[in-house]
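# Remarks on the overall topology
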Number of protein chains: 2
Amino acid sequence: MTTAAPPLGPDRRAAAPVVPGAGTRRGVALPEVALRAGFWQRLQDVNANATLDHCLHWMERLGWLTNFDRVAHGTTGGERPGWQFSDSEVYKLIEALAWEHGRTGDPGADRLVRALTARVAAAQDEDGYLNTCYGHAGQAPRYRDLESGHELYCTGHLLQAAVARLRTHGPDLLVEVAHRAADEVCRTFGAEGLDAVCGHPQIELGLAELGRALGEPRYTDQARLFVERRGHGRLRPLPLLAPSYFQDDVPVRSAEYWRGHAVRALYLTAAAVDVAVDTGDHELLDAVERQWDRSVERRTYITGGMGSRHQDEGFGEDWELPPDRAYCETCAGVASVMVSWRLYLATGDVKYADLMERTFYNVVATSPREDGRAFFYANPLQQRVAGTDVPADAENPRAEGGVRAPWFDVSCCPTNVARTLASWTAYLASVDGTEVTLLQYASGVLSLDLADGSRVVLDVETSYPHAGTVAVRVVEGPDVPVDLRLRVPAWASGAMVRRGGVASAVEPGWTTLDGVRAGERVDLVLPVGPRLTWPDPRIDAVRGCVAVEQGPVVLCVQDTDVPEWLDLDLLVLEPAAPLVGDGDGALVTVRPVRTPERGRTYRSARPDLEPGEAVRVRFGPYHAWAKEPTTMRVFVPVAPARDTD
Amino acid sequence: MTTAAPPLGPDRRAAAPVVPGAGTRRGVALPEVALRAGFWQRLQDVNANATLDHCLHWMERLGWLTNFDRVAHGTTGGERPGWQFSDSEVYKLIEALAWEHGRTGDPGADRLVRALTARVAAAQDEDGYLNTCYGHAGQAPRYRDLESGHELYCTGHLLQAAVARLRTHGPDLLVEVAHRAADEVCRTFGAEGLDAVCGHPQIELGLAELGRALGEPRYTDQARLFVERRGHGRLRPLPLLAPSYFQDDVPVRSAEYWRGHAVRALYLTAAAVDVAVDTGDHELLDAVERQWDRSVERRTYITGGMGSRHQDEGFGEDWELPPDRAYCETCAGVASVMVSWRLYLATGDVKYADLMERTFYNVVATSPREDGRAFFYANPLQQRVAGTDVPADAENPRAEGGVRAPWFDVSCCPTNVARTLASWTAYLASVDGTEVTLLQYASGVLSLDLADGSRVVLDVETSYPHAGTVAVRVVEGPDVPVDLRLRVPAWASGAMVRRGGVASAVEPGWTTLDGVRAGERVDLVLPVGPRLTWPDPRIDAVRGCVAVEQGPVVLCVQDTDVPEWLDLDLLVLEPAAPLVGDGDGALVTVRPVRTPERGRTYRSARPDLEPGEAVRVRFGPYHAWAKEPTTMRVFVPVAPARDTD
């Protein structure tokens, strides 16, 4: 070790995924929140009680953990189980366990972190290098295949796991291991070292956050170096893939939009925000904000999903948003949240929190099955042919199929869901001076340490998103009255706030309640009834279609929810008919259209759809689709307007 | 050699790509046709004068030919240039040269066939095995990676090249080499041998046709064995690809539709027809016809293009036909022609010739640049962002980009275009007893040997597809009057035939003119004016859109053909306005729609398009698009109907 770890104890307010190195706004820390029963508490519980164990089980089963033991025992060589990046899954699981321990104090999670850390630490080389796929007997040498090797990618995840541990527990063996690994990276890839980057961004994020957590500016510098190096063609092109695949075509500072592999693009972007914030690089921050604007406008699904292409798991071009082949990788949803959260903390703009909500409810919450033991990898918005269930003990060799699978050949999504859910409460609110902002709505108690040392305790009661009322009580007041900001989502036209018996209409954006005191109650009423949502006419793939949303939740129709004679490929939605809320779904009026004559796919006459009798069918939450294999649509064609002639 | 080649001379009537082993219908042979100036003659000339040489140049340059020399000289080992399947490109070029020699007698093409054959033959192993990538010093062993190795695929193309040589020239060294290679395949993979298939079908086609050409039923048997073995999961799954990728999920005999990698699916299907015909296997033929019906109805583009996905170069699901991400590989177009031609010969159904015409004009003719030295690989129906020109001395590393490229990393398409154009005249007509059927229309003289030994000479004069009149004169009569059948394309409502001064309306399908005699003239008049074509409402990706066609030619609009203020993403077509023919294109009335408010991609109000002033713009032939990098659309949104309210 070249640097001694500074004397860090667990700072209650720093127990969160992102702690900017500059600026006054911070997210809430895990120990500051106690959720009560509700949408997210259920997801967090399932994650804690099933998913973490499930991931561990699969990693043992597939030998991804044994890989560490083999390095430790010097028995590498021969067939090594798992892809070259399987170490990263172990680190993401450790990160999830660390957050889980930080969130609940669960001693089981703590024990597992220690046990896994011991196995990981034993595999670290003398000089700090740590990877079970390269550099040992019978293995390819280190850092020879930066395009595909994923070595720095894995190290980045190791560093993130250590950050989680450091912020929820304090220095330990994992932090030491990460410290040494980060030092090895800085020595090898520093300004005087190899002038290179990793094919898959991630090390930048790990270094930036570990630099913050350990107070090591060298790590931030190295993260900055990696961010700046990228985009100049340093990576050799992979067969059949463009340099944009790993964002090596244009420097982050000059790019106009996200492109290439979505997860890579978003991890890199998140790191760029960290670097920009910590170094006061306004140009870089502006560049990322510009990319967010353009890409969210033109390259993002109604679900918040990103990545239109299966081919390279990548962004499509502007307006290329096919519902059926939407890749919308779960990991890209997680990465999008990482970007928006950093941008929110840096700028305070409500749009970032809006997109996070959309992505939470419709991508992150969509991935895990109710029991937390199967996951969506891709999240399409249309399923033409029902999938086939994957048995509980089997992997899905591919990312698709329209069913959740226990595990995947490339299994990045389950652990990404796990670490996001374990730390989800951190995104609930933010604190800036004596201003408290509620960003997401869930029942629970927020016990927040303000910058002046005082504490405010808020009790939030809501059944959101099922109902729209959010009651906020100031249970314990601060010494000085605080300003309470509430996010009114962009979709919430007609929202209302009640304070002291006075109701006022509020517009989407921020609603600020000045000088809130102990004992006060504020109600936010959001219109969560079903509504139609119309896509931009430039999204060719859903032209003439409309979607149904309910609060932050995108709805969908499945074949299992309509009469058997109704074909999801041959129905139209009657937009003038009222939508009726129905639990967590809505009753929507549709009409069948007649089956076109066979064998005339392209014809000289405009097909006469002749919609039949109206029928009400149920649209349910997209995040709960495919409880069994189904066909499904989010966007539904609109009934043709009646012509004058 | 285990079998002596039978004494075959060049049979004039057999100089054609497909000569069924049973049935009475045959395609015309290359020596039976002399084209005059016209659409296809120009393409054939460019192919002869530029493309063949261009392909040879690239293969020398990249070392794909030297690979054969290295095997011959025992200097293999180390880095071998080219993909594992590069030998197949050499064979496809030899096949193209052989057809070219057969078509025109060009001694230059003949010399090249001999020169290339000498280099190929020198690389053949003692036992008949011939592959420059496996089985020699420093190379992987033979047949260990049937999933990806492409060894039998390469051999299949060698056999096809030999078939072309045998039918246009007669036995020679190439035929000997192929004979020995085919024997080696039969020994290794016969009923008593390795129970396996190749990841990429092709050997089946080569064996079936070589069996016919050499009168070797063993080869047909081996082809049948390969066809029957497939679909039972003999191939190990490739990472991230389903078994359907190489059609190993369902036997050909039971499949309902084409799926997986489009070229693989179609090569396999073509071979299945050969096997079915030669063995009288009606069940197998019925299965292929059923697959054709379903797949052409639901998985085929208006251009005839097949393959909706870049990811696995594969078919999509039913109705999954995105215009922007249409893969429509040129090779899949070629393979589709191979299937339909075989089905036409087997059944005589006009629909197969209809699809061939559509594919010829809109896929095969679209690929080569005017000068025959650059090609499209993928043939999308919408280009959102103009590509970037690929320099004349550079490869396109990918299959996409919206521009024709001189060569590709995987460069299967140029030689597939070359062999198809060199043999194109074979698809012009068919002969069955004393019935002559004109299938495609081009100016020239057809001098046809009938089954009874007599000859009929037809002179066809037309500027089709630019104009719709096809004048057929019987220049030299047969002894007995022949029946002349003319194909009236499926799109040609309102066609007319004139014979002896009498004009009659004719319906799409066959029009038979009985007892045609020498000196007679028959005119077919096809309505080739521009027309609108409407897609099936189940093709989600082009909902609310319409295309413009002109005769067999699909039109498209490019940004270079519209005023600068008109955005291809923001215009609608006025379907009630008349279409006006304009040379090889049409003038079409469109209106701009207003740009939606920024940053509201998904909104609660239906976007108000408010179409602006009508303007006429030119739609040109899709096959001639991208003379420079452009944006482009085949399907254009239709102006909204005016509501009553």
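From a predicted model like this one, the values you see are computed outputs, not experimental measurements.

A word on the packing of helix 6 (residues 173-189) of chain B against helix 7 (residues 203-214) of chain B. Residues and elements named next belong to chain B. Contact geometry for helix 6 and helix 7: axes closest at 11 Å, N-to-C directions at 120°. Classified by the interaxial angle, the pair formed by helix 6 and helix 7 is oblique. As for how helix 6 packs across helix 7, the hand of that crossing is left-handed. For the pair formed by helix 6 and helix 7, the contact residues are Val-175, Ala-178, His-179, Ala-182 and Val-185 on the first element and Ile-203, Leu-207, Leu-210 and Leu-214 on the second. Taken together, the residues of the contact of helix 6 with helix 7 sort by class into eight nonpolar, one polar and no charged.

For the rest of this paragraph, the subject is the interface of chain B and chain A. Each partner contributes to the interface: chain B provides 64 residues, whereas chain A provides 64 residues. Contact between chain B and chain A buries roughly 5500 Å² in total, counting both sides, with carbon and sulfur atoms accounting for 53%. Summed over the shared surface of chain B and chain A, the result is eight salt bridges. Taken together, the links from chain B to chain A amount to 20 residue pairs in polar contact (both at pLDDT 80 or more). Secondary-structure elements contributing two or more residues to the side of chain B that touches chain A are helix 10 (282-298), strand 16 (530-535) and strand 22 (602-603) of chain B. At four residues, strand 16 of chain B tops the list of elements feeding residues into the side of chain B that touches chain A. Of the residues contributing to the side of chain B that touches chain A, the split by class is 31 nonpolar, eleven polar and 22 charged. As paired strands, strand 22 (residues 602-603) of chain A and strand 16 of chain B are joined by two bridges and run antiparallel to one another. Bridge pairing in strand 16 of chain B links Arg603(A) to Trp534(B).

Attention shifts here to the relation of the copies chain B and chain A. For the pair chain B and chain A, the best superposition has an RMSD of 0.0 Å and corresponds to a rotation of 180° with a translation of 0.0 Å parallel to the axis. Taken together, these values place the two copies in the relation of a two-fold axis. A share of 100% of interface residues in chain B that are also interface residues in chain A marks the association as one of identical surfaces.

Before going further, it helps to examine the packing of aromatic side chains. All names here are of chain A. In the structure shown here, the tally under the stated rule is 54 aromatic pairs over all chains. Seen in terms of ring centroids, Phe-360 and Tyr-427 are 5.6 Å apart; in terms of plane orientation they differ by 40°. Their pairing is tilted. Of this pair, Phe-360 sits in helix 12 (residues 350-364) while Tyr-427 sits in the loop between helix 13 (412-422) and strand 6 (429-432), placing them 67 residues apart in sequence. Overall, Tyr-427 belongs to the buried group, its relative accessible area being 5%. Each residue in the set Phe-39, Trp-40, Trp-341, Tyr-344, Phe-360, Tyr-361, Trp-424, Tyr-427, Tyr-441, Tyr-464 and Trp-510 is aromatic and connected to the rest through ring pairs, giving one cluster. Here the basic side chain of Arg-25 rests over the ring of Tyr-344, its NZ or CZ set 5.6 Å away from the ring centre. The side chain of Arg-61 reaches across the aromatic face of Trp-58, ending 4.2 Å from its centre.

Another aspect to go through is the sheet that holds strand 6 (residues 429-432) of chain B. All names here are of chain B. Strand order in this open sheet of five strands is 1-6-7-11-14, and the pairing throughout is mixed. Both edges of this open sheet fall to strand 1 (25-27) and strand 14 (509-516), since each of them pairs with a single strand only. This sheet shows a mean twist of 20° between the axes of neighbouring strands, independent of strand direction. Two elements, strand 7 (residues 435-438) and strand 11 (residues 482-488), share four bridges in a ladder whose sense is parallel. When the sheet's bridge partners are listed, Thr-437 is paired in strand 11 with Arg-485. Most of the contacts of helix 11 (residues 330-347) go to strand 1, to which it runs at about 150°, and overall it touches strand 1, strand 6, strand 7, strand 11 and strand 14. Contacting strand 11 and strand 14, helix 12 (residues 350-364) runs over the sheet at an angle of about 55° to strand 11.

Turning our attention to the domain arrangement of chain A. Residue and element names in this part refer to chain A. We note that the domain assignment places domain 1 (39-427), domain 2 (429-525) and domain 3 (530-596 + 608-637) within chain A. Its C-alpha centre places domain 2 at a distance of 35 Å from the equivalent point of domain 3. Residue-level contacts link four residues of domain 2 with five residues of domain 3. Summed over both sides, the interface of domain 2 with domain 3 buries roughly 390 Å², with 71% coming from carbon and sulfur. Area buried by domain 2 at its contact with domain 3 is led by Pro-465, His-466 and Trp-491, which between them contribute 91% of it. Across the contact surface, domain 2 and domain 3 share zero salt bridges. Across the side of domain 2 that touches domain 3, the residue classes tally to three nonpolar, one polar and no charged.

Calculation rules
Residues numbered from 1 in each chain as written. Chains lettered and ligands numbered in written order. Predicted model: local features only at pLDDT ≥ 70, side-chain atom pairs only at ≥ 80, totals over all residues. Heavy atoms only, no water. Axes fitted to C-alpha atoms, helices over the stretch in contact; angles between N-to-C directions. Helix = DSSP H or I, 4+ residues; strand = E, 2+ residues; numbered from the N terminus. Parallel < 35°, antiparallel > 145°, perpendicular 65-115°, else oblique. Left-handed = near helix turned anticlockwise from the far one by under 90°. Contact = heavy atoms within 4.5 Å. Nonpolar A, V, L, I, M, F, W, Y, C, P; charged D, E, K, R; others polar. Buried area = accessible area lost by both parts, 1.4 Å probe. Salt bridge = Lys/Arg side-chain N within 4 Å of Asp/Glu carboxyl O. Polar contact = N/O pair within 3.5 Å; in protein donor to acceptor, adjacent residues only side chain to side chain. Pairing = 2+ DSSP bridges. Least-squares fit on C-alpha atoms with pLDDT ≥ 70 in both. Phe/Tyr/Trp six-rings, centres within 6.5 Å; stacked < 30°, edge-to-face > 60°. Buried < 20%, exposed > 50% of the residue type's maximum accessible area, 1.4 Å probe, protein only. Lys NZ or Arg CZ within 6 Å of the ring centre and 35° of its normal. Domains from an automatic or database assignment.

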